[in-house]
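In case you want the letters, here they are:
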Amino acid sequence: MGKKILVVDDEASIVKLVQFNLEKEGYEVEVAYDGQMALAMLEKSQPDLVVLDLMLPKVDGLEVCRRMRQEKTHIPILMLTAKTDEFDKVLGLELGADDYMTKPFSPRELTARVKAIFRRVDQLKKNLGSGEHQELIKIGDLEIDPEGYVVSRSGEEIELTPKEFELLLYMANHRGKVLSRDQLLNAVWNYDYVGDSRIVDVHVSHLRDKIETDSKNPFFIKTVRGIGYKFEGPKRA
């Protein structure tokens, strides 16, 4: 497959389990046992994905995630969290992690999540490299540039994480349609997260904070109670 994955966890048994199962799927795996080691390895090489535990010695996983996104790297991040770390889980998503899994987890689920992330990334690269021009999307004073990965409102650029951008682009391309949380999960995360809609709600909340004038009374992203969301705006020109 030619994909390189960096696994970061201070529990040797988990590292060994994850490494074994990912290598069995044909991935090249590098390992780090603390955040400082992970950051040093990221400077030397660019993995295609990082499996990142949040509770790490020296530099914690949240700080590793923050620094990666601060440097504008689009390397996907799959977080590993304890079931009780709800606050850290949400904060990790806010900092730009693409997905999360709670411990304990099955190796089969982890490899499925990794494959889903790579399918999404490969499809995005295919779309960008297809040679087909993707037109600028204008909705009111909001502009979305699919090719440049840039979003702006009233001429001012809005900084989004890769996952926030993909979610916004999908919703904008399906403007006026009611989209269920499961539909958004399958379309944007490319995986069936049965009953785990919080990841959508967290990203929608952050999107509203960034693109809406008043996130409590959103103009673009409307909540459809009991179903999901609908992206609205002025009628197309």
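Anything mentioned here points back to the structure above.
Residues numbered from 1 in each chain as written. Predicted model: local features only at pLDDT ≥ 70, side-chain atom pairs only at ≥ 80, totals over all residues. Heavy atoms only, no water.

Participant: So what exactly am I meant to see when it comes to the overall build of the chain here?
Facilitator: Within the chain, the secondary structure is distributed over eight helices and twelve strands. Within the chain, buried positions represent 49% of all 237 residues. Sequence-distant contacts in the chain: of pairs separated by 6 or more residues, those separated by 24 or more amount to 56%. As presented, the chain carries roughly 12100 Å² of accessible surface, and 49% of it is formed by carbon and sulfur atoms. (Helix = DSSP H or I, 4+ residues; strand = E, 2+ residues; numbered from the N terminus. Buried < 20%, exposed > 50% of the residue type's maximum accessible area, 1.4 Å probe, protein only. Contact = heavy atoms within 4.5 Å. Areas by Shrake-Rupley, 256 points an atom, 1.4 Å probe, with all protein chains shown as cover.)

Participant: Looking at this structure, how should I read the sheet that holds strand 10 (residues 178-180)?
Facilitator: Backbone hydrogen bonds are what pair the strands of a sheet, in a parallel or an antiparallel way. Read from one edge of the open sheet, three strands run 10-12-11, paired in antiparallel fashion. Each of the sheet's edge strands pairs with one partner strand only, and the pair in question is strand 10 and strand 11 (221-224). Pairs of neighbouring strands in the sheet enclose a mean axial angle of 35 degrees, with direction left out of account. Taken together, the four bridges between strand 11 and strand 12 (residues 228-231) define a ladder with antiparallel strand orientation. Looking at the pairing, Val-224 lines up with Gly-228 of strand 12. Those strands touched by helix 7 (residues 181-189) are strand 10 and strand 12, and its axis lies near 75 degrees from that of strand 10. With respect to the sheet, helix 8 (residues 198-211) is in contact with strand 11 and strand 12, its orientation differing from that of strand 11 by roughly 145 degrees. (Pairing = 2+ DSSP bridges. Axes fitted to C-alpha atoms, helices over the stretch in contact; angles between N-to-C directions.)

Participant: When you look at the sheet that holds strand 4 (residues 77-82) in this model, what are you seeing that I'm missing?
Facilitator: Across the sheet, which stays open at both edges, the five strands sit in the order 2-1-3-4-5 with parallel pairing between neighbours. In the strand order of this sheet, the two ends are held by strand 2 (28-32) and strand 5 (99-103), each with one partner. This sheet shows a mean twist of 20 degrees between the axes of neighbouring strands, independent of strand direction. Bridge count for strand 1 (residues 4-8) against strand 3 (residues 49-53) is four bridges, and the pairing is parallel. What sits directly across from Ile-5, in strand 3, is Leu-49. Packed onto the sheet, helix 1 (residues 12-24) meets strand 1, strand 2 and strand 5 and runs at close to 170 degrees relative to strand 2. Running over the sheet, helix 2 (residues 35-44) touches strand 1, strand 2 and strand 3 and is turned about 135 degrees from strand 2.

Participant: Got a minute to help me understand the pattern of salt bridges in this structure?
Facilitator: Side-chain pairs of opposite charge can arise where the charged atoms are in close proximity. If you walk through the whole model with that rule in mind, you get 16 salt bridges. Of the charged contacts, one joins Lys-103 and Glu-11 as a salt bridge, the two residues approaching to 3.4 Å between their closest N and O atoms. Of this pair, Lys-103 sits in strand 5 while Glu-11 sits in the loop between strand 1 and helix 1, and the two are 92 residues apart along the sequence. The partner of Arg-66 in a salt bridge is Glu-63, with the nearest N and O atoms 2.6 Å apart. Here the residue Arg-66 and the residue Glu-63 both occupy positions in helix 3 (residues 61-70), the gap between them amounting to three residues, near one helical turn. Within this structure, Asp-9, Glu-11, Asp-53 and Lys-103 form a network of salt bridges that share partners. (Salt bridge = Lys/Arg side-chain N within 4 Å of Asp/Glu carboxyl O.)

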